[in-house]
Amino acid sequence: KQEVTQIPAALSVPEGENLVLNCSFTDSAIYNLQWFRQDPGKGLTSLLLIQSSQREQTSGRLNASLDKSSGRSTLYIAASQPGDSATYLCAQHRTSGTYKYIFGTGTRLKVLA
Amino acid sequence: DAMVIQNPRYQVTQFGKPVTLSCSQTLNHNVMYWYQQKSSQAPKLLFHYYDKDFNNEADTPDNFQSRRPNTSFCFLDIRSPGLGDAAMYLCATNQGGRHNEQFFGPGTRLTVL
């Protein structure tokens with residue numbers, strides 16, 4: 001069974017810290033990997049999409065990397081702010097000929113002012 | 001500009017009373033998804049459409065049905081809601097290519113009394 005794991009499940013950091021969120025997947029066949037942010041009671045907001053042919057993507061203070069051989073992706077957040085507090089989810093789009101995504105259970109981030 | 005719209009945002013129904021949730025999109029995307037998300041859990045795919053081609057997940061209960069009358073709209077029907085069906089229901093779209101992003105709506109919070 002293909003799985004996507006996110007570690008840690010929860011993280012609390014002081015404002016200004018740089019931090020790394022991890023996403024591991026068991027199925028190395030991958031079209032792309034997408035990172036999302038979810039605020040409490042809200043839908044998912046797309047942050048970054050990394051194609052299988054890419055190693056990383058950047059948007060502002062966010063940088064996501066993809067290592068297919070090790071089955072890992074990381075989301076780097078620079079100079080964290082209280083407004084970054086949310087749950088971060090990664091989702092793997094597999095190459096099995098479907099349009100299905102497998103989601104991780106997320107990392108709940110709290111940035112303290 | 002809203003791209004994936006869900007109505008209503010909050011829905012309260014009684015045990016066993018049928019309910020319909022609505023999703024519309026302005027992106028003209030081929031693929032539409034319905035996910036169920038319970039507290040602190042990953043979104044769970046219920047089914048998805050590629051155009052009019054319906055794809056049901058093996059573990060989606062028969063109590064859940066879906067309709068996609070045209071490209072823009074997709075409905076989730078819960079025929080006899082139980083207490084365990086209380087959750088956030090998320091609609092998402094994808095253009096349908098190998099490397100495309102998923103876009104989510106704001107979700108509908110379903111409460112079953």
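Here the structure is a predicted model, which is why all the values come from computation and not from measurement.

(A) Representation of the pairing of strand β7 (residues 64-67) of chain B. Residues and elements named next belong to chain B. Residues Phe 64 and Ser 66 line the buried face of β7, whereas the alternating positions Gln 65 and Arg 67 sit on a face that is not buried. Note: β7 against strand β8 (residues 73-78), four bridges, orientation antiparallel. Residue Gln 65 lies in a different strand from β8, and its bridge partner there is Asp 77. In this structure, the hairpin formed by β7 and β8 is closed by a connection of five residues.

(B) Focus on the pattern of salt bridges. Residues and elements named next belong to chain A. This structure, assessed with the given rule, holds five salt bridges over all chains. Measuring nitrogen to oxygen at the nearest pair gives 2.8 Å for the salt bridge that ties Asp 84 to Arg 61. Here Arg 61 lies in the loop between β6 (56-59) and β7 (62-67) and Asp 84 lies in the loop between β8 (72-77) and β9 (86-93), a separation of 23 residues in the sequence. Classification of Asp 84 by relative accessible area gives buried; the value is 8%. A relative accessible area of 28% means that Arg 61 is categorised as partly exposed.

(C) Structural context of the sheet that holds strand β1 (residues 4-7) of chain A. All names here are of chain A. Here five strands make up an open sheet; going across it, the order is β1-β3-β8-β7-β6 and the pairing antiparallel. Each edge of the open sheet carries a strand with a single partner, namely β1 and β6. Each strand axis lies, on average, 15 degrees off the axis of its neighbour in the sheet, ignoring direction. Sheet topology note: the strand β3 (residues 19-25)/β8 ladder contains six bridges and is antiparallel. From the neighbouring strand, Asn 22 faces β8, where its bridge partner is Thr 74.

Rules behind the numbers
- Residues numbered from 1 in each chain as written.
- Chains lettered and ligands numbered in written order.
- Predicted model: local features only at pLDDT ≥ 70, side-chain atom pairs only at ≥ 80, totals over all residues.
- Heavy atoms only, no water.
- Buried < 20%, exposed > 50% of the residue type's maximum accessible area, 1.4 Å probe, protein only.
- Helix = DSSP H or I, 4+ residues; strand = E, 2+ residues; numbered from the N terminus.
- Pairing = 2+ DSSP bridges.
- Salt bridge = Lys/Arg side-chain N within 4 Å of Asp/Glu carboxyl O.
- Axes fitted to C-alpha atoms, helices over the stretch in contact; angles between N-to-C directions.

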